[in-house]
Structure formats: C-alpha cells, structure tokens
Amino acid sequence: MSYANERRIAELAIQRACLLTERVYNSQVKGTITKGDKSPVTIADFGAQALIISSIAHAFPEDSVVGEEDSSGLRADQSKRDLVWGLVKDTLDATKELTAELGKIKDDEEMLAVIDKGTHQGGSVGRIWALDPIDGTKGFLRGGQYAVCLGFMVDGKVQVGALVCPNLPVDPEKPEGEKGILLSAIRGEGATMRPLSAPSAQGTPISMSSITDFSKARFCEGVEAGHSSHSEQASIAKSLGITAPSIQMDSQAKYASISRGVGEIYLRLPTSMTYEEKIWDHAAGSLIVEEAGGVVTDIYGKELDFTQGRTLKTNKGIVAALKALHPTVLKAVQEELKVSKL
C-alpha cells in the first residue's frame, strides 16, 4: 500500500506551519514558557502544533496524534493565548487555497482543543502521527537550526516522514545562498528534497554520501551537550580516523543533513542511561535517512522501536550512518561506551 496522500498532507501541513514559525523566528517576541522539565516552549510551538493537528484531523479524522505540547501553558496565560491565536488566524487567512485539503480553525477555543488532540499515548496499533512542531527550540531561540517534523506510523512502523528545515541551505555548496528545504519519504519509495520556495515542485531524489573512507568522513551531532555526549563522540571520531571537525546543529536537521550527503554519520550518545528518547524526535528523520541509503539503530544495534508509546523506551542513543559504514561505527561506539550488542 502506498501512502502518497498521507505524504502530501504531511508536506502541506508542515509547510503551512512553517509560515507561522518563520514569522516568530524573525520577530522579537517568542513568548517563551519554561515547561516542567525545564525545556522551553514558544508561541510558535503552540501555533504550529494547532495548524498541523487540525490538518491531520481534517484529512484523516480517525487518526491519532502524539504531539509534544499541550495547551495548559496557554490556558494559564491569556496574553500568550491571544498571540498564538493571532498567528494561527493570520496563517490560515494567508493560505486559504489550502483550506479544502487542510481545513481551518474557527476560534481560539477550538485552537486549544486541537492542540490537546496531541496527547495520544502512542503504541503498536493503528494509524498514529508523531509531531514535533518545533524540533530544536533552543536553536530556534538562538537563531540556529530547527525543524518542523511529522512522522506517520501504522501499527508502530514509520511509513511516512516529512521535515521542514527553514535554515538549511538549498545548495550545501552555497551556505550563504537560498535557505529552506523540505524533505520527505515513504517507506520503500525513497526520499526526496525540494526548496521551500517551490511548494508545487516535484521533490528531487536524495541519497547519502558515498564516502567510505573515514579519513574523509564527517559526523553530525547536537549543539546541546545535555542531549548527547560530545566527549565520547570526539573519542569515537578519533578512533575511526575522522579528522574533520563535527558538524554541530540542533534538531532533526542532522538527519536531513546526512540524508542528502552533508556528513556521513549522526551520533546521539546518551548522557544518561535512564533517558528515553521521544518518538517525535526521530520518527520522520530516521525514515528519511533509511530511504536515502542509511541505517539507523541505537547503541546496541537495535532498530528504533516506535511501538512502545511516547518514548523509545527499549532503545538507548542513536547511531545513524551510511549502510556500508554503520557496522564499523557501531563497533566503535560500543567499544567506547563499553557496551555490547544485546
């Protein structure tokens, strides 16, 4: 079964949401709230989640959504609620040509209710979407990389992935040139990319770098040391003979980068063995890398298991690399962390 319609709705939904996130990104007012786990959430997170979930609910009313945010922060703050509704309403008004396919939101009360449709607990049964309205919020706040991410799963298996990376260059050889790319994939059908500036264009097939000489390889890692162990990753790079400095960026932009050949390896080594990765941080990006010729596992070599709920509770860390490189990278990771294949 092909999921072409799900892919189309995913692409349209995250593009529409990106209009809102970019408006906030380029403004002085981010409306940041600090959540209970000390992580930040902005008015753009709430607005993007509302727009994307409303698109899914309109196109696939029986589907469930696992989203990162809920509306409690907005319900407690009328001024931020008004800001978010203003952004959502303006975005809907500016994209009326998409209303037939993506639907609309009639008022701020419906907006809050739509945001809260993202509280599904996930699992191994049914059609479930994994949504991160702004992946890399800290990067978003500091003017760095971020992504709008949407993955579609059937019975716990990711079948469609779509990412918008507004600040990645269209041409990696021209980093100061046009920015903004959309990547997407259907399992078994390959991955594609196109500029955000060409919303009606056909995506161009992408593939990972063919470099298999580690002395010429590069790896991507997160900016935040709290998310991944930089010192261990540097040690692994040295053991593999990688001499190029790591490419540091926030969000699933790392998956996007290696899937189109900018870097060969992405490591996210756990800073704590009790930490559980969230499914919305990996569903879309991992499929796109796989469809571009890569392998994505945890540090034990296990496939990422999206059947366990809102987190990858049976996995630890992320090792993503070109298929030909992955076994050697995984072995180096396991030796550095003193773990073995389970």
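What you see is a predicted model; the values in this text were computed from it and never measured.

**Re the sheet that holds strand 12 (residues 265-268)**
Here five strands make up an open sheet; going across it, the order is 11-10-12-14-13 and the pairing mixed. Across the chains shown, the open sheet's two edge strands, defined by having one partner strand only, are strand 11 (247-248) and strand 13 (294-297). In the packing of helix 11 (residues 326-337) onto the sheet, the strands contacted are strand 12, strand 13 and strand 14 (318-322), and the crossing angle to strand 14 comes to about 150°.

**Brief notes about the pairing of strand 4 (residues 127-135)**
With respect to burial, strand 4 is a largely interior element, eight of its nine residues being buried. Pairing analysis gives four bridges linking strand 3 (residues 64-67) to strand 4, with the strands arranged parallel. By the bridge assignment for strand 4, G67 is matched with L131. Note that strand 4 and strand 5 (residues 147-154) share seven bridges and pair antiparallel. Within strand 5, the position partnered with D135 by the bridge is A147.

**What to know about the sheet that holds strand 5**
If you trace the seven strands from one edge of the open sheet to the other, you get 3-4-5-6-7-8-9, paired in mixed fashion. The open sheet is flanked by strand 3 and strand 9 (204-205), the only strands paired with a single partner. Sheet strands touched by helix 10 (residues 283-291): strand 4, strand 5, strand 6 (157-169), strand 7 (179-186) and strand 8 (191-195). Its angle to strand 6, the strand with the most contacts, is close to 95°.

**What to know about helix 8 (residues 230-240)**
Among all positions in helix 8, only Q233, I236, A237 and L240 are buried. All buried residues of helix 8 fall inside an arc of 100° around its axis, so they share one side. What points out from helix 8, more than 90 degrees from its buried face, is the exposed set S231, K238 and S239. Those residues of helix 8 that are buried are in contact with strand 10 (219-221), strand 12 and helix 11.

**Let's talk about the environment of L131**
Structurally, L131 is set in strand 4. Of the residues examined, L131 reaches a relative accessible area of 0% and is grouped as buried. C-alpha of L131 to C-alpha of K331: the two residues are 200 residues apart in sequence and 32 Å apart in space. Excluding its chain neighbours within four sequence positions, the residues that come into contact with L131 are Q49, I52, I53, V65, V66, G67, E68, C149, L150 and W280.

**A word on the UniProt feature "binding site: Mg(2+)" (unreviewed entry) in the chain**
In the numbering used here, UniProt assigns the feature "binding site: Mg(2+)" (unreviewed entry) to E68, D132, I134, D135 and D281. Their sequence span is 214 residues, while the largest C-alpha to C-alpha distance among them is just 9.9 Å; these annotated residues converge on one region. Within the element layout of this structure, E68 appears in the loop between strand 3 and helix 3 (72-75). E68 has contacts with K35, Q49, L131, D132, P133, I134, W280 and R310, leaving out every residue within four places of it along the chain. Setting aside residues up to four positions removed in sequence, D132 forms contacts with E68, A147, V148, C149, W280 and D281.

**Regarding the packing of aromatic side chains**
The final tally for this structure, using the stated rule, is seven aromatic pairs. For the ring pair Y3 and F152, a centre distance of 5.5 Å and an interplane angle of 65° mean the geometry is edge-to-face. Of the two residues, Y3 is situated in the segment before helix 1 (4-25) and F152 in strand 5; the sequence distance between them amounts to 149 residues. For the pair Y3 and F152, one class covers both residues: buried.

**With respect to the packing of helix 4 (residues 78-94) against helix 6 (residues 108-115)**
It is the contact of helix 4 with helix 6, at a shortest axis distance of 10 Å, that shows an interaxial angle of 95°. With respect to their mutual orientation, helix 4 and helix 6 come out roughly perpendicular. Contacts between helix 4 and helix 6 involve R81, V84, W85 and V88 from the first element and D108, E109, M111 and L112 from the second. The residue inventory of the contact of helix 4 with helix 6, partitioned by class, reads five nonpolar, no polar and three charged.

Definitions and cut-offs
- Residues numbered from 1 in each chain as written.
- Predicted model: local features only at pLDDT ≥ 70, side-chain atom pairs only at ≥ 80, totals over all residues.
- Heavy atoms only, no water.
- Pairing = 2+ DSSP bridges.
- Helix = DSSP H or I, 4+ residues; strand = E, 2+ residues; numbered from the N terminus.
- Contact = heavy atoms within 4.5 Å.
- Axes fitted to C-alpha atoms, helices over the stretch in contact; angles between N-to-C directions.
- Buried < 20%, exposed > 50% of the residue type's maximum accessible area, 1.4 Å probe, protein only.
- Arc of directions from axis to C-beta.
- UniProt positions renumbered as here; feature names shortened; annotations may be inferred.
- Phe/Tyr/Trp six-rings, centres within 6.5 Å; stacked < 30°, edge-to-face > 60°.
- Parallel < 35°, antiparallel > 145°, perpendicular 65-115°, else oblique.
- Nonpolar A, V, L, I, M, F, W, Y, C, P; charged D, E, K, R; others polar.

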